[in-house]
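Close look at the chain arrangement
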Amino acid sequence: MLENQQVRFGGGQTKKEQQRHLVGWLPTFDNIEHQALLEKLRTYPAMRRLVKGWLKAGVMEALDLSPTPAGTPQGGVVSPLLANIALYGMEEALINAYMSEKKTQSARQRAPKLIRYADDCVVLHAEVAEVIKAQQLIATWLQDIGLELKPSKTRLSHTLKEYQGNIGFNFLGFTIRQFPVGRTHTGTSNGKPLGFKTLIRPSKEGVQRHLQAIKKILQKSQFLSQEQLIDQLTPVIYGWTLYSRTVVSKKQFTVCDSLLTRILWQKMTRKHPKKSEKWVKEHYWRTVKGNTWTFATSDEDSTMQTLRWHAATPIQRHIKVKGRASPFDGNLLYWAKRLKEHPLTKTTLGRLLQKQQGKCRWCELLFREEDQIEIDHLTPKSEGGGEELSNKFALHRHCHDQRHAKHETECITNNRPHS
């Protein structure tokens, strides 16, 4: 990964409301131009009229009806989808601006890289001048839908060196930075050492938000039993660790567990002020798999409940989705190897591809997108084989032909009928 100048863009807002900002409030939803949004909806007229009526319906607070001349209703089930539709095309507009100057493939490759999630995005480029130019292009593009960049959330930074008091950047709860390292740990580009390594970690703000969520549960758990407390804490811990497990999170998981143990200990000792520390430990903590500090219910209980610690979630690196691949593009082979739960993978062929890890059962080579894949029976139906999944396997069409040719030859040699 190259050293990148980057600018982070926050949520959009109208010029009249530059100072209006509340925690958890997305200005994008409030200010999207309805007509610009409706023009982007590629749907049939009846659906377009339905969306238009829903956008113009207004918001009822008590007995007061407030009109909605712009924006999408907050809390609406399709508001995030409509906001994404409104912002769709930002990436292509940025690339086209560079292609219009020099319509070559190299010009497209030199264009800044824009990464967007809802109304939060990052622009990456090696030259600061190109990032500033991209910022101006995006600001102009946003005017067509009644939005502008939020000044308080837009800043320039560098992933390796300090720039304008900033180094690295936070995005979607993660901190992305590059660190100088020696030859044995350096990242590489085209086989050449870069002298630094890119690390993505849970951001300090993200960790603090997670710990605050845990503290809120504990503050409201005065009259909860240990079982009920575990039931409320476990989903919060497990959900956050699943989100963070694809990056460098092991140290943060350990720190969170240490803090959680300390908070639980303080809570339980205060709950039983007349009991000794030994009694509190024996009453609330158990030894599970060698860990003497496991917050769990009594061993005598046949359905012992154990609090899931952060470190119990293993680190699992994310493999990037290639190119323009989509879970809805019908590429069964690709998504069967990536996803456990998907409509495509629930078919017989999808389950066989997952079971065989994308390999042909006959030649043991990985299937390719252009390959013709067929299903055959291990034991032919004429010999008593059934339709159960364990009696089926996926193989190339030509491997299927080879297998049957070999089977027929063996039948002729052994003087028995072939299927």
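Residues numbered from 1 in each chain as written. Predicted model: local features only at pLDDT ≥ 70, side-chain atom pairs only at ≥ 80, totals over all residues. Heavy atoms only, no water.

Our next topic: the overall build of the protein chain. Looking only at helices and strands, the protein chain has 14 helices and 15 strands in total. Out of the 419 residues belonging to the protein chain, those deemed buried represent 37%. Sequence-distant contacts, at least 24 apart, represent 57% of the contacts inside the protein chain between residues at least 6 apart. (Helix = DSSP H or I, 4+ residues; strand = E, 2+ residues; numbered from the N terminus. Buried < 20%, exposed > 50% of the residue type's maximum accessible area, 1.4 Å probe, protein only. Contact = heavy atoms within 4.5 Å.)

Residues Trp54, Val77, Val78 and Leu81 make up a contiguous nonpolar surface patch of about 390 Å² in total accessible area. By relative accessible area, Val78 is classed as partly exposed at 32%. (Patch = residues over 30% accessible without salt bridge, like charges linked within 9 Å, V, L, I, M, F, W, Y side chains within 5 Å. Areas by Shrake-Rupley, 256 points an atom, 1.4 Å probe, with all protein chains shown as cover. Salt bridge = Lys/Arg side-chain N within 4 Å of Asp/Glu carboxyl O.)

Another aspect to go through is the sheet that holds strand 7 (residues 169-171). A sheet is described by the order of its strands in space; here 3 strands give the open sequence 7-8-11, paired in antiparallel fashion. Both outer strands of the open sheet, strand 7 and strand 11 (196-202), are each paired with one neighbouring strand and no more. Strand-to-strand twist across the sheet, computed as the mean angle between neighbouring axes with direction ignored, equals 30 degrees. With 3 bridges joining them, strand 7 and strand 8 (residues 174-180) adopt antiparallel strand pairing. Bridging across to strand 8, Asn170 finds its partner in Thr175. (Pairing = 2+ DSSP bridges. Axes fitted to C-alpha atoms, helices over the stretch in contact; angles between N-to-C directions.)

Turning next to the nonpolar core. Of all hydrophobic cores here, the largest spans 25 residues; its most connected members are Leu87, Met90, Leu114, Ile138, Leu142 and Ile145. Within the residue set of this core, elements represented by two or more residues are helix 2 (34-40), helix 3 (45-55), helix 4 (79-87), helix 5 (90-101), strand 5 (120-125) and helix 7 (128-143). Judged by nonpolar contacts, the second largest core, of 16 residues, contains Ile230, Ile237, Tyr284 and Phe295. (Core = buried A, V, L, I, M, F, W, Y, C linked by side-chain atoms within 4.5 Å.)

Scanning all chains against the criterion turns up 5 salt bridges. For Glu374, the salt bridge goes to Arg397, with nearest N and O atoms at 2.9 Å. Linking Glu374 in strand 14 (residues 373-377) with Arg397 in helix 14 (residues 397-413), this pair joins segments that are 23 residues apart in sequence. Under the relative-accessibility criterion, Arg397 is labelled partly exposed at 42%. Between Arg403 and Asp376 there is a salt bridge, and its shortest N-O distance comes to 2.7 Å. With Arg403 in helix 14 and Asp376 in strand 14, this residue pair connects regions lying 27 residues apart in the sequence.

Bringing the packing of aromatic side chains into the picture now. A full pass over the atoms with the stated rule returns 5 aromatic pairs. Their ring planes at 70 degrees and their centres at 5.3 Å tell us that Trp285 and Phe295 sit as a pair that is edge-to-face. With Trp285 in strand 12 (residues 285-288) and Phe295 in strand 13 (residues 291-295), this pair connects stretches of sequence that are 10 residues apart. Overall, Trp285 belongs to the buried group, its relative accessible area being 3%. (Phe/Tyr/Trp six-rings, centres within 6.5 Å; stacked < 30°, edge-to-face > 60°.)

A word on the state of the cysteines. A complete count under the given rule lists 0 disulfides for this structure. For Cys360, which is in no disulfide, the shortest distance to another cysteine sulfur is to Cys363 and amounts to 3.7 Å. Given the relative accessible area of 0%, Cys360 is considered buried. Look at Cys363 and you get partly exposed, because its relative accessible area is 28%. (Disulfide = S-S within 2.5 Å.)

Summing up the model confidence of the protein chain, the mean pLDDT is 78 and the portion of residues at 70 or higher is 80%. Taken element by element, the predicted model of the protein chain shows its lowest mean pLDDT in strand 1 (residues 5-9) (49) and its highest in helix 8 (residues 204-219) (92). Low confidence marks residues 8-27, where pLDDT is under 50. Its contacts with residues over four positions away, or in another chain, come to 59 contacts. (pLDDT = per-residue confidence, 0-100.)

On to the environment of Ala126. Its location among the elements puts Ala126 in the loop between strand 5 and helix 7. Sequence-wise, Ala126 and Arg110 are 16 residues apart; in three dimensions their C-alpha atoms are separated by 9.4 Å.

This part is about helix 13 (residues 348-355). Considered for burial, the residues of helix 13 that qualify are Gly350, Leu352 and Leu353. All buried residues of helix 13 project into a common sector of 165 degrees when viewed along the axis, lining one side. With its phi angle positive at about 55 degrees, Gln357 sits one or two positions after the end of helix 13. (Arc of directions from axis to C-beta.)

A residue is classified by how much of its surface remains accessible, and Arg403, at 18% relative accessible area, is buried. A polar atom in the side chain of Arg403 sits 3.3 Å from the backbone oxygen of His377. Within polar-contact distance, the side chain of Arg403 engages the backbone oxygen of Leu378 at 3.2 Å. Ignoring sequence-local partners within four residues, the contact set of Arg403 consists of Trp362, Asp376, His377, Leu378, Phe393 and Leu395. (Polar contact = N/O pair within 3.5 Å; in protein donor to acceptor, adjacent residues only side chain to side chain.)

This brings us to the packing of helix 8 against helix 9 (residues 226-244). Between helix 8 and helix 9, the least distance of the axes is 10 Å, while the angle of their chain directions is 170 degrees. One finds that helix 8 runs roughly antiparallel with respect to helix 9. Of the residues in helix 9, those in contact with Gly206, Val207, His210, Ala213, Ile214, Ile217 and Leu218 of helix 8 are Leu229, Gln232, Leu233, Val236, Ile237 and Trp240. Looking at side-chain class alone, the contact of helix 8 with helix 9 contains 10 nonpolar, 3 polar and no charged residues. (Parallel < 35°, antiparallel > 145°, perpendicular 65-115°, else oblique. Nonpolar A, V, L, I, M, F, W, Y, C, P; charged D, E, K, R; others polar.)

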